Structures are given as C-alpha cells and as structure tokens.
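Coordinate analysis (summary)
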Amino acid sequence: MFSLWQRRFIIMRRLSATVLGLAVMWITPAQAQLRQESGSLDVRLIVEEACEVAWPGSTIGGGEAELDFGTTSRLDDPIDREIGTGTVGGIEVRCNAGTTYSVTFGPGENASDIDNRAMRGAVNTSQLIPYQIYSDAARTAVLSNIFVTANGAYQPVPVYGRVPPLSPTPPADSYTDNVIVTVSF
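Residues numbered from 1 in each chain as written. Predicted model: local features only at pLDDT ≥ 70, side-chain atom pairs only at ≥ 80, totals over all residues. Heavy atoms only, no water.

Per the secondary structure count, the protein chain includes 1 helix and 12 strands. Start at the N end of the protein chain and walk to the C end: the helices and strands fall as α-β-β-β-β-β-β-β-β-β-β-β-β. Within the protein chain, the proportion of its 185 residues that are buried is 23%. Partitioning the contacts of the protein chain with sequence separation of at least 6, the portion at a separation of at least 24 is 73%. Carbon and sulfur atoms provide 55% of the accessible area of the protein chain, an area that totals close to 12,900 Å². (Helix = DSSP H or I, 4+ residues; strand = E, 2+ residues; numbered from the N terminus. Buried < 20%, exposed > 50% of the residue type's maximum accessible area, 1.4 Å probe, protein only. Contact = heavy atoms within 4.5 Å. Areas by Shrake-Rupley, 256 points an atom, 1.4 Å probe, with all protein chains shown as cover.)

Across the sheet, which stays open at both edges, the 3 strands sit in the order E6-E5-E11 with antiparallel pairing between neighbours. Because the sheet does not close on itself, it has two edges, and the strands there are strand E6 (128-130) and strand E11 (175-176). (Pairing = 2+ DSSP bridges.)

Before going further, it helps to examine unusual backbone geometry. Cis geometry marks the peptide bond from serine 167 to proline 168; its omega dihedral reads 0 degrees. With phi around 60 degrees, arginine 139 is a residue other than glycine that occupies positive phi space. Tracing the chain through its elements places arginine 139 in the loop between strand E7 (132-134) and strand E8 (145-149).

So, on to the nonpolar core. Counting residues in hydrophobic clusters, the biggest one holds 21 residues, and the most contacted among them are Val103, Phe105, Met119, Val157 and Val163. At the level of secondary structure, the elements contributing two or more residues to this core comprise strand E2 (79-83), strand E3 (91-95), strand E4 (100-105) and strand E10 (159-163). Residue contacts for valine 157: discarding those within four places in its chain leaves Ile83, Gly84, Ile91, Val93, Val103, Phe105 and Ile146. (Core = buried A, V, L, I, M, F, W, Y, C linked by side-chain atoms within 4.5 Å.)

Here we have 3 strands laid out as an open sheet, ordered E1-E3-E9, and antiparallel in their pairing. Looking along the sheet, the strands with just one partner apiece sit at the ends: strand E1 (51-54) and strand E9 (155-157). Pairs of neighbouring strands in the sheet enclose a mean axial angle of 30 degrees, with direction left out of account. Here E3 runs beside E9; their pairing, made up of 3 bridges, is antiparallel. (Axes fitted to C-alpha atoms, helices over the stretch in contact; angles between N-to-C directions.)

Now for the environment of glycine 108. Structurally, glycine 108 can be placed in the loop between E4 and strand E5 (118-121). By relative accessible area, glycine 108 is classed as buried at 17%. Here glycine 108 is in contact with Asp177, Asn178 and Val179, once residues within four sequence places are set aside.

With that out of the way, let us pick up the environment of leucine 67. When you line up the elements, leucine 67 lands in the loop between E1 and E2. Residues leucine 67 and arginine 81, 14 residues apart in the sequence, show an inter-C-alpha distance of 7.0 Å. Sequence-distant contacts of leucine 67, that is, excluding residues within four places in its chain, are made with Arg81, Glu82, Ile83, Ile133, Val159 and Gly161.

See the structure below:
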C-alpha cells in the first residue's frame, strides 16, 4: 500500500507530533511559574504615649490614696506614716516604657505653699495641725515634684509623712487635708 518513503513520512509525522506534545507539556508548567505577580502587605501599629494612675488597696473610694496618721491623745513625739512602700493606700503610675513623667503634689487645701502643709479641724475649723510629706524615708526632702522614667509596669510612688511634736496638744477633733496629685507626661 504505502511505499517505504510514505511510511517513513507517516512515522516521522507521528513522532514529531508526539515530541511536540511532550515539549508543550514541559514548557507549560515552566511558563506558568514565570507568570507571577507580587505585591506587598504593609503592617503598622501606632503606640501612643500614655500613663495611668492606680490607687491599689485604697481604703477610700477610687482615685484617692490615704495617708492615715491614726489616733492619738498627745503629740509629744513625731508621728510617722508612709504609703506606696507596700502598705495600704499607695499611689502607682504606669506609663509606656521609656516615657518620662512627673508626679506633682500640691500644698493641700490649708496651705499656700508646700512648706506649710496643715490639717484643719472638722469642728474647730480655725485649728490647724502642721504636717509634711516627703519623698524619702529619712524625711528630709519635702515632696513637691518627682520625675521618673517609666519601665512599662506599675511603679509605686512612695510618700513618707510626718506630724511634728506639738505642745500644747491641740483640741480633740478630726483633722484632715486634701493634697492634689497630678501626673504629667
């Protein structure tokens, strides 16, 4: 039927089609990998500088600390108390790590300056008892402003108080003062 030349031509044609099909199969996956597009994903977080004040263990309502000098009948000796050193009623400040903040203590309601802090009697409102708050346990540095670099955790603000000896002893009464504490950052 077919001559030798015709049979070779048909075999070669089939062989060419097979080789071409194999070549397409090899090229197609490679071409698909080369046809990629890429982009990017931007990721962002803004951490704002912030501070917060806590009054852990306060025996009075939130937002207040209490320096309680207790009860006495005479003031022959100084009365010392402290807060923020592991006792009840302290003040703690937490700011972002690295933030420098200040804590300012006002003079109180019964004094015009920090050097003359005083508690006023509830009944005898003209009677004052002097006291002072300090930043150190030796009670040598009057507490006005402290500056701290935050570590990111709550940091206690120690307050050391003293009522000096008084003679004569003031009248029996309940004596109080209110010192405004301000945190600035």
